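Residue-level structural notes
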Amino acid sequence: MKTTRLLAATALTVATGFSATAVSAEELTLCWAAWDPANALVELSKDFEAKTGNTMKFEFVPWPNFADRMLNELNSGGKLCDLLIGDSQWIGGGAENGHYVKLNDFFEKEGISMDDFLPATVYAYSTWPKGTPNYYALPAMGDANGWFYRKDWFEKPEIQAAYKEATGQDLREPQTQEELLQIAQFFQGREIDGKKRYGAAIFTERGSEGITMGALGSLFTFGFKFENTPGKYDMEGAVNGPDSVKGLEFYKTLYKTATPPGYTDAYMEQSLDAFKSGQVALGMNWFAFFPGLYSDPDIGGDKIGFFPNPPQKVAGSMLGGQGISVVSYSDKKDAALEYIKWFAQPEIQAQWWKLGGYSCRKSVLLDPSFKDSQPFAADFLVAMGDVKDFWQEPAYAELLLAMQKRLHDYVVADKGTAQEALDKLVEDWTETFQDEGKL
Amino acid sequence: MSASPIDRVAKATPPKLARKIRGLSDRTIAWIFVAPSIFLLLAVNIFPLIWTINLSFTNFKANRPGREIKYIGLRNYERILGDSDIWLTMQATAHFLFWTIALQVLIGFTLAWLINRKFKGNDLWTTIIVLPMMLSPAVVGNFWTFLYQPQIGLFNYVVSFFSGVDPSSFSMLGEVSLAPWAIVIVDTWMWTPFVMLICLAGLRSIPDYIYEAAAIDRASKWRQFWTITLPMVLPFLMLAVLFRGIENFKMFDLVVQLTGGGPGSTTELTSINLKREAFEKWRTGYASAYAIILFVTVFGLASIYVKALNKVKER
Amino acid sequence: MSGYSITDPTRRQKWIAGTLVVLYALITIMPLLWIFMTGFKSPVDAIAYPPKVTFQPTLEGYVNLFTTRTRVAPEQLAALPPPETWYEAIVRNRNMVIAGPSRYGQRFLNSVIIGFGSTFLSVFLGTLAAYAFSRFRVPLKDDLLFFILSTRMMPPIAVAIPIFLMFRTLGLSDTHLGMILLYTAVNISLAVWLLKGFIDEIPREYEEAALIDGYTRFQAFYKVVLPQAATGIASTAIFCLVFAWNEYAFAVLLTSGNAQTAPPFIPTIIGVGGQDWPAVAAGATIFLLPVMIFTILLRKHLLRGITFGAVRK
């Protein structure tokens, strides 16, 4: 009796094990990170469902696990995702390892022109090898790392006076990295409205990509480069040159002297939390979150201001954002392509921006009304003007994890000097590129 | 025995077939019974092990199907053994192993000794103490990060309540000096009951008459403890240490959830480091060599230990 | 045994020992109680300083666990018809509406399917092998037994490398079948060792009598031995189930959606901005509670099982 029931249970198990892999033809699964824009995309996609009769399923993974899980999924040839909005750095691997469907023929057939999209986004999100007209994704979500601050605090006369007294300067949106640090240090430990506040919420996360994304923002502006000559992988002196060392030391100073206590493993969510709970005066995060911050009932509206990553020696912002790709293991590629075709339309792209997604289409971004459509729209254009990305090589994960380790060891765990950290990083990267046969 | 359905079936079976079934020698039946298990273990353990050994001599990367696979001899092994960062993760693992085992043996033995006083309701309280080790380390570990949060976390609050330290002034998981202890504390919380149960079994295996004889000889309680209790429980204790040692050498889920190896690489135990190499960097060949080195290490240490254990048992 | 014995602890000793053990037990269940309590807290109470022991209980954490929600503007919210259900009302209080069910239910079901499927298989195969090892002269028996045990020494991550490649080739990645087979293989060593102990304890005379009565070996096995070993099989099954239920390393590496179990999923439950601790606690409570109840109800058999490998000489 018991045995038969158990047998039945196993039979059921085996049956579901098989049926789970066979899905009906018109149900598309789109995979992306779980964040504000993803909710906007769900809303936007209702139009696609209505127009084509296909239904959309979404698999949104929290950022700290996103890369890990999605790359694992691609590498195991999984059929979970038909469409994937994958991070910009995955494009090299996606293209070379055959995870993504090449879209050139499709674009041609459907009359989708990459000239209709902002060149920086096409370069970053769609092409591999970089800059060649080989497209593996449609630019879906433009993004860069930017800053926001408590405008209401900045406008308090007593705070302005105290800042003037402490630094001899006026309190304003920082124009350089040094000024940013000075302002953050000014707010660190200051009492405002009866509560102790801190300077800036920055990225220090270890597990995925956090500290690299945060620190590169500073490193770029101090003159950090990946290579002396683009395409030559000659990193000695570029990655670990004096400018880069200064930039990394700067980021450590920012971390040590101007962040909330216990802020040792923080990425997007922690930065948002710290800012929304009124802990910090300044926050670093992706533009993707700015619509949500602006509409926040507690700290949004008049109380918040935005600015792009300030320059130091040069201007530079860390690129975020993603393109949308069709996964080559999917059984429903045609329907997936149909989705991309629908998504690329100018009016859908306009609606996308309205709902809080950063369209990359020129018709949206270069529209004269764009700059004033949101308080951060103009800053977004500035940031997108000088964005730089991490390596987009097929071996990007190795390169990224090496940098995560070296940076976290130096900045948070106080191991060694900035010069040593970057020297070791060059060693790690050299080894990787040697394995790749590129050096 | 009365005629059961089986008897009837047995009787109704044609003699020829019956002879055939009965004719299956015990040896055949033994093989039929053992074979599926052995097959499964071969397929999921031994075959993969051989595959891993093979991969460990290559530059294979599982995320790069198009890349040419080359045999590179012992290069992977040389790289791993010559990498100072890997020795640091070994150190972190050793620290974790030593302190979890030391604390668990100390607390576990004490608890077992106390429970063996046979006070009223001891089995219910024993069960409550056992609860943590039955639970999912990943789920519980994840929740411990909440308990460890500066300021709002229960752990920091309790510490500050008893010591007067500001609960927002320290971060168990974020500070280089505290994180290795944070993982030791949670593991000890979780696995002390295991050591306790084994010790309890050991204590209960000591027959009363030995103590009675000792009492007649007027041996002090202290002396009885050192000359009877401890030596008789020692084999059990050593076995507990072996199990915990092997388990904690494999430790992954709990620590991944707690610190993810951070801050920096402070709590990056070998399993976490191996996971990064194998499933984040996808250096499959390199990671395979790493896995083999770990396996040989555990296997070697465990064998030496088991020899020592057998000596203790013989005494 | 009644009367005076010189080895019995005195009442005073018992009292001190009891107090200390109870004290330790109370400390040890604090984190578990805290999970349970946090599940019924509002998000604000959950992160209050100092930590709150008394609070207004709410089911918001549970509602958040089982739903996905989207934020809507207050004016839009006002335009909506009044909430039809109590859970809709809770969500509306936060300026949100329910967008659909969350994935928790599905992940939980995966845990049930994979847990019970692998437990059944490993106990089934394990009983056969254990019987053979216990009763027959199997060539290289000790070596085989040691081999079976030694498979547990490999770190799961190390095993996962080739398993990952194997699953990819066979199309078993992220399937229930793949995970069931894998967990069965991991559990079988434990099952064989535990069950061999239980079967060793059953006197051979029973079967021999049955064989003389004209039973075949098979009949003797399932008519005589199995019923005798029922308790042992049940407690072995619980151990296998607990392992499969709690397993994380393989699950996180080899599943992504279809067959993902609850342990890798629960830590990724997030709300709007940061981890939604009441929802995480609610998910953890639902997931941990069955094991706790099992442990308390079946404590006699379980405690024996845990130490079994150690006690056997």
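Everything numeric in this text was worked out from a predicted model, so none of it was measured. (Residues numbered from 1 in each chain as written. Chains lettered and ligands numbered in written order. Predicted model: local features only at pLDDT ≥ 70, side-chain atom pairs only at ≥ 80, totals over all residues.)

**A few points about helix α1 (residues 11-38) of chain C**
Residues and elements named next belong to chain C.
- With 28 residues, α1 extends 39 Å between its outermost C-alpha atoms, agreeing within 8% with the 40 Å of an ideal straight helix rising 1.5 Å per residue.
- The sharpest bend along α1 reaches about 40° and sits at Met30, with the proline Pro31 one to four residues further on.
- When α1 is considered as a whole, its buried residues turn out to be Ala17, Val21, Tyr24, Ala25, Thr28, Pro31, Leu32, Trp34, Ile35, Met37 and Thr38. (Helix = DSSP H or I, 4+ residues; strand = E, 2+ residues; numbered from the N terminus. Expected span 1.5 Å × (residues − 1). Bend = angle between axes of the 7 residues up to and from the residue. Buried ≥ 20, exposed ≤ 12 C-beta atoms within 10 Å, placed from the backbone.)

**Concerning the environment of C:Thr58**
Residue and element names in this part refer to chain C.
- Considering the arrangement of structural elements, one finds Thr58 in the loop between α2 (43-46) and α3 (60-66).
- Residue classification places Thr58 among the partly exposed positions, given that 17 C-beta atoms sit within 10 Å.
- Residues Thr58 and Ile90, spaced 32 residues apart in sequence, show a C-alpha to C-alpha distance of 9.0 Å.
- What Thr58 contacts, discounting residues up to four positions off in sequence, is Phe40 and Ser42. (Contact = placed C-beta atoms within 7 Å.)

**Description of the interface of chain A and chain B**
- Every contact between the two is made by 24 residues of chain A and, on the other side, 25 residues of chain B.
- Elements that contribute at least two residues to the side of chain A that touches chain B include exactly α3 (63-75), α4 (91-96) and α18 (396-411) of chain A.
- With six residues, the single largest contributor to the side of chain A that touches chain B is α18(A).
- Split into classes, the residues belonging to the side of chain A that touches chain B amount to six nonpolar, eight polar and ten charged. (Nonpolar A, V, L, I, M, F, W, Y, C, P; charged D, E, K, R; others polar.)

**Focus: the nonpolar core**
- Counting residues in each nonpolar core, the largest one holds 307 residues, and the members touching the most others are A:Leu83, B:Phe143, B:Cys199 and C:Ala160.
- No other element matches the 17 residues that helix α9 (residues 176-200) of chain C contributes to this core.
- If sequence neighbours within four positions are ignored, B:Phe143 has contacts with C:Ile35, C:Val280, C:Ala281 and C:Ala284. (Core = buried A, V, L, I, M, F, W, Y, C linked by C-beta atoms within 7 Å.)

**Some remarks on the interface of chain B and chain C**
- With 83 residues of chain B at the interface, the matching set in chain C holds 83 residues.
- Broken down by element, the residue count for the side of chain B that touches chain C peaks at 15 residues, all from helix α3 (residues 26-55) of chain B.
- In the side of chain B that touches chain C, the residues fall into 59 nonpolar, twelve polar and twelve charged.

**Some details on the pairing of strand β1 (residues 27-33) of chain A**
All names here are of chain A.
- The buried fraction of β1 amounts to six of the seven residues, a majority that puts the element mostly inside the structure.
- Pairing of β1 with strand β2 (residues 55-61) involves seven bridges; the strand directions are parallel. Residue Glu27 lies in a different strand from β2, and its bridge partner there is Thr55.
- Assessed by its sense of winding, the connection that carries the chain from β1 through helix α2 (residues 36-52) to β2 is right-handed. (Pairing = 2+ DSSP bridges. Right-handed = clockwise from strand over helix to strand, strands pointing away.)

**Let's talk about the domain arrangement of chain B**
- Taken domain by domain, chain B comprises domain 1 (5-44) and domain 2 (79-314).
- Between the C-alpha centres of domain 1 of chain B and domain 2 of chain B the distance comes to 45 Å. (Domains from an automatic or database assignment.)

**A closer look at the packing of α18(A) against helix α19 (residues 418-435) of chain A**
Residue and element names in this part refer to chain A.
- Between α18 and α19, the shortest axis-to-axis distance is 9 Å and the interhelical angle comes to 165°. Our classification of the angle between α18 and α19 gives roughly antiparallel. For the pair α18 and α19, the crossing hand works out as right-handed. Along the contact surface, α18 presents Glu398, Leu399, Ala402, Met403, Arg406, Leu407, Asp409 and Tyr410, while α19 presents Ala418, Ala421, Lys424, Leu425, Asp428, Trp429 and Thr432.
- Along the lines of polarity and charge, the residues of the contact of α18 with α19 split into nine nonpolar, one polar and five charged. (Axes fitted to C-alpha atoms, helices over the stretch in contact; angles between N-to-C directions. Parallel < 35°, antiparallel > 145°, perpendicular 65-115°, else oblique. Left-handed = near helix turned anticlockwise from the far one by under 90°.)

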